[in-house]
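Tertiary structure, described
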Amino acid sequence: MAKEITPRQQDYAQWYQDLVLRAGLADYSAVRGCMVIKPYGFAIWERMRDALDAMFKATGHQNAYFPLFIPKSFFSKEAAHVDGFAKECAVVTHYRLRTGSDGQIEVDPQAKLEEELIVRPTSETIIWNSYRDWIQSYRDLPLLINQWANVVRWEMRTRLFLRTTEFLWQEGHTAHATADEALVETRQMLDIYAHFAEKWMAMPVIKGIKTEQERFAGAVETFCIEALMQDGKALQAGTSHFLGQNFAKAFDVQFANAQGEREYVWATSWGVSTRLMGALIMAHSDDEGLVLPPVLAPVQVVIVPIYKGSDSIPVLTEACQQIAEECKALGLRVELDTEDHARPGWKFAHHELRGVPIRIALGLRDLQNGEVELARRDLRTKTQTTRDGLGLHCKNLLDEIQEEMYNKALAFRTAQTHRVDTKEEFVQKLEQGGLVLAHWDGTGATETAIKEATKATIRCIPLDAPDEEGTCVWTGKPSARRVVFAKAY
RNA sequence: CGGGGUGUAGCGCAGUCCGGUUAGCGUACACGUCUGGGGGGCGUGUGGUCGGAGGUUCGAAUCCUCUCACCCCGACCA
């Protein structure tokens, strides 16, 4: 087990990388840009997945699975969509290997595919090709489907969890009879993402609309949730798209309405990915390691006995087991660390690295006094706590930690959010990092100019942005409301 | 795709400039022992195609040529 993590202040990117590797969340693999998600990291992802999945089901969605491979011709059917993804697609051209004359394995040139297959970067096309057959009448609508899958986008530059060539995600694809209904769906899923981010991940997000430049390829409107990381950079944590009738027209998906007239259906798609893992890490963790919100932590309470001589082992182990049982009975996820080969100090550091919210240490002295030492990961505080009612105390404390982690993150964001009205201040605040609320004249040209000059982009036009007359911070032209600028991941 | 960096034990590194016994150090691992309230001490031990190929040489981790891989930074993106 490696010891040191690079401090955040010294090198934030290195800190992130150290943390992911040393906390055992993920590892590099033999394939460039592709990561191995290790058991502990996957346990966190599973908890995210299960929570989201339950919310999707509760709102009437069903899971299904569509192929990994997409015929190349499908891509060309929606022009904007092709443009958006063409540059990062992996393509399957052959289906067989053979042993060459030099004894080496090589691609069999005889086994060339008639039509090449694209490894899905997203599944709109293959799914809408099926929807054409599934939808005939308004009675078939709405069609509410989600899939959990892997996708591949051949990125130039990758970072563990934040951007990898292959990643895991869910993608919802729905079809509706009216534009209004599809828009309601788009907004509903955005709300679910925001709710998940705030209540499960303890990470405040801004709900907003993307500008035309930042919009999903093929969407009419892209909604998003944006979060602020500790280094002052923004991170898009989830997107929900209103696709209009773009894919219905591209794949000729029509339905008969109640009057017997044929209409194109209206579509949405929405997704979050393993990128959320990166967001979770960068929202809360510190120089000692991960800090996990209790509802997502695979282990919520870890119990460490402090042995003193071999005689103490059975008695302390038993006392710890009782605490573990008490916690389990209350539905807490608890781990009893009775490994004899590691010393307490090592265990403390180890569980802190992994972000376990509560640590209970119990030695002979505590046993005599009817106490335990209880440590909070988020604040790194230790308090002597009475043994009586310890399970319930932990349960309540976990709720408190969840709440306080959110409040802390919110306070950080508030402190790092600046309203600016002059160009000088705008540039200066963007340089410092954080979110900048400023007026924008609404043109792509200005957006591009700002990006080139400052490297910051418009993260979103917040849904709750009040109407406020002003002038564009860059051009001085009139503006109706403020938008969120930031440097982003 | 440009710029930079790194490949030597599971991990982190030294040695390379200036070629020379059996390639070291830390950590991890195994065993023993003393231990145990913040990443333990002592002892013993296991573990290496020095990224790969070719060349120079009496002799290559070290020099030369080619090559592969990965990481970081930038442009593109979730």
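To be clear, the structure that these remarks concern was listed above.
All of the points below concern the structure found in this document. (Residues numbered from 1 in each chain as written. Chains lettered and ligands numbered in written order. Predicted model: local features only at pLDDT ≥ 70, side-chain atom pairs only at ≥ 80, totals over all residues. Heavy atoms only, no water.)

Notes on the overall build of chain A
On a plain count of helices and strands, chain A comes out with 14 helices and 27 strands. The C-alpha radius of gyration computed for chain A amounts to 26 Å, which stays within 12% of the reference 23 Å derived for 489 residues, consistent with globular compactness. Each principal axis of the C-alpha distribution contributes one length, and for chain A these read about 80 × 70 × 55 Å. Burial status across chain A gives 52% buried among its 489 residues. Put simply, 68% of the contacts in chain A that link residues at least 6 apart link residues at least 24 apart. Chain A carries 56 positive and 67 negative side-chain charges, and their two centres are separated by 3 Å. (Helix = DSSP H or I, 4+ residues; strand = E, 2+ residues; numbered from the N terminus. Rg over C-alpha atoms; globule rule 2.2 N^0.38 Å. Buried < 20%, exposed > 50% of the residue type's maximum accessible area, 1.4 Å probe, protein only. Contact = heavy atoms within 4.5 Å. Lys, Arg positive; Asp, Glu negative; His and termini not counted. Charge placed at Lys NZ, Arg CZ, Asp CG, Glu CD.)

With respect to the pairing of strand S16 (residues 266-273)
The buried fraction of S16 is high, at 8 of 8 residues. Here S16 shows no split at all, with Trp266, Thr268, Trp270 and Val272 on one side and Ala267, Ser269, Gly271 and Ser273 on the other all buried. When strand S10 (residues 166-176) meets S16, the two strands line up antiparallel, connected through 8 bridges. Each bridged residue has a counterpart across the sheet, and for Trp169 the counterpart in S16 is Ser273. Pairing analysis gives 5 bridges linking strand S13 (residues 234-244) to S16, with the strands arranged antiparallel. (Pairing = 2+ DSSP bridges.)

Quick look at the layout of surface pockets
In this structure, the largest pocket occupies an estimated 1600 Å³ of space. Only helix H4 (79-85), S10, S13, S16 and strand S24 (457-462) provide two or more residues apiece to the lining of the largest pocket. Here the lining of the largest pocket is built from residues that sort into 16 nonpolar, 17 polar and 17 charged. Formed jointly, the lining of the largest pocket draws a minimum of three residues from each of two domains, domain 1 (12-284) and domain 3 (417-486). The volume enclosed by the second largest pocket comes to roughly 340 Å³. If you go around the second largest pocket, you meet 17 residues; those closest to its centre are Ile206, Leu437, Pro462, Asp464 and Val484. At the level of secondary structure, the elements contributing two or more residues to the lining of the second largest pocket comprise strand S11 (206-209), helix H12 (390-415), strand S22 (417-419), strand S23 (435-439) and strand S27 (482-486). Counting only domains with at least three residues in the lining of the second largest pocket, you end up with domain 1 (12-284) and domain 3 (417-486). (1 Å grid on protein atoms, 1.4 Å probe; cavity = no way out; pocket = protein on both sides within 12 Å on 5 of 7 lines; lining within 4 Å. Points joined across faces, edges and corners; volume = space filled by probe spheres on them. Nonpolar A, V, L, I, M, F, W, Y, C, P; charged D, E, K, R; others polar. Domains from an automatic or database assignment.)

Examining the environment of Leu367
Position of Leu367 among the secondary structure elements: in helix H11 (residues 364-369). Residue class for Leu367 comes out partly exposed when judged on its relative accessible area of 34%. Between the alpha carbons of Leu367 and Val315 there is a distance of 9.3 Å; along the sequence they are 52 residues apart. When sequence neighbours within four positions are dropped, the list of residues in contact with Leu367 reads Val315, Leu316, Ala319 and Leu362.

Considerations on the pattern of salt bridges
A full pass over the atoms with the stated rule returns 28 salt bridges. Between Arg96 and Asp108 there is a salt bridge whose closest N-O contact spans 3.2 Å. In this pair, Arg96 sits in the loop between strand S5 (91-94) and strand S6 (97-99) while Asp108 sits in the loop between strand S7 (105-107) and strand S8 (112-119), placing the two residues 12 residues apart along the sequence. By relative accessible area, which is 7% here, Asp108 ends up buried. Residues Glu326 and Arg387 are paired through a salt bridge, measuring 2.9 Å at the closest nitrogen-oxygen approach. (Salt bridge = Lys/Arg side-chain N within 4 Å of Asp/Glu carboxyl O.)

Overview of the side chain of Thr186
One can find Thr186 in helix H6 (residues 179-200). In this structure, Thr186 is in contact with Phe223, Ser240, His241, Phe242 and Thr268, ignoring residues within four places of it in sequence.

What to know about empty space enclosed by the protein
Scanning the model with the defined rule gives 3 cavities of 30 Å³ or more in all. Here the largest cavity is characterised by a volume of approximately 70 Å³. Taken together, Met203, Pro204, Leu228, Met229, Gln230, Met282, Ala283, Ala409, Phe412 and Arg413 make up the full set of residues lining the largest cavity. Every element with two or more residues in the lining of the largest cavity is listed here: helix H8 (275-284) and H12. If you tally residues by element for the lining of the largest cavity, the top one is H12, at 3 residues. Each residue belonging to the lining of the largest cavity can be placed in one class, and the counts come to 8 nonpolar, 1 polar and 1 charged. Phe348, His351, Glu352, Val356, Arg359, Ala375, Arg376 and Arg377 are the residues that line the second largest cavity. For the lining of the second largest cavity, the elements supplying multiple residues, two or more each, are helix H10 (344-353) and strand S20 (371-376). Residue contributions to the lining of the second largest cavity peak at 3 residues, all from H10.

Things to note about the sheet that holds S10
Spatial strand order, S3-S9-S10-S16-S13-S12-S11-S24-S27-S23-S22: 11 strands in an open sheet with mixed pairing. In the strand order of this sheet, the two ends are held by strand S3 (62-63) and S22, each with one partner. Strand direction decides the pairing type here: S11 and S24, joined by 2 bridges, are antiparallel. Pairing of Ile209 across the sheet is with Ile461, part of S24. Sheet contacts for H12: S11, strand S12 (221-228), S22 and S23; angle to S22, the most-contacted strand, approximately 30°. (Axes fitted to C-alpha atoms, helices over the stretch in contact; angles between N-to-C directions.)

Re the packing of helix H1 (residues 12-22) against H8
Interhelical geometry of H1 versus H8 gives an angle of 115° and a closest axis separation of 11 Å. With respect to their mutual orientation, H1 and H8 come out roughly perpendicular. H8 is crossed by H1, and the crossing has right-handed handedness. Together, Tyr12, Trp15, Tyr16, Leu19 and Val20 of H1 and Gly278, Ile281 and Met282 of H8 make up the contact between the two elements. In terms of residue class, the contact of H1 with H8 is built from 7 nonpolar, 1 polar and no charged. (Parallel < 35°, antiparallel > 145°, perpendicular 65-115°, else oblique. Left-handed = near helix turned anticlockwise from the far one by under 90°.)

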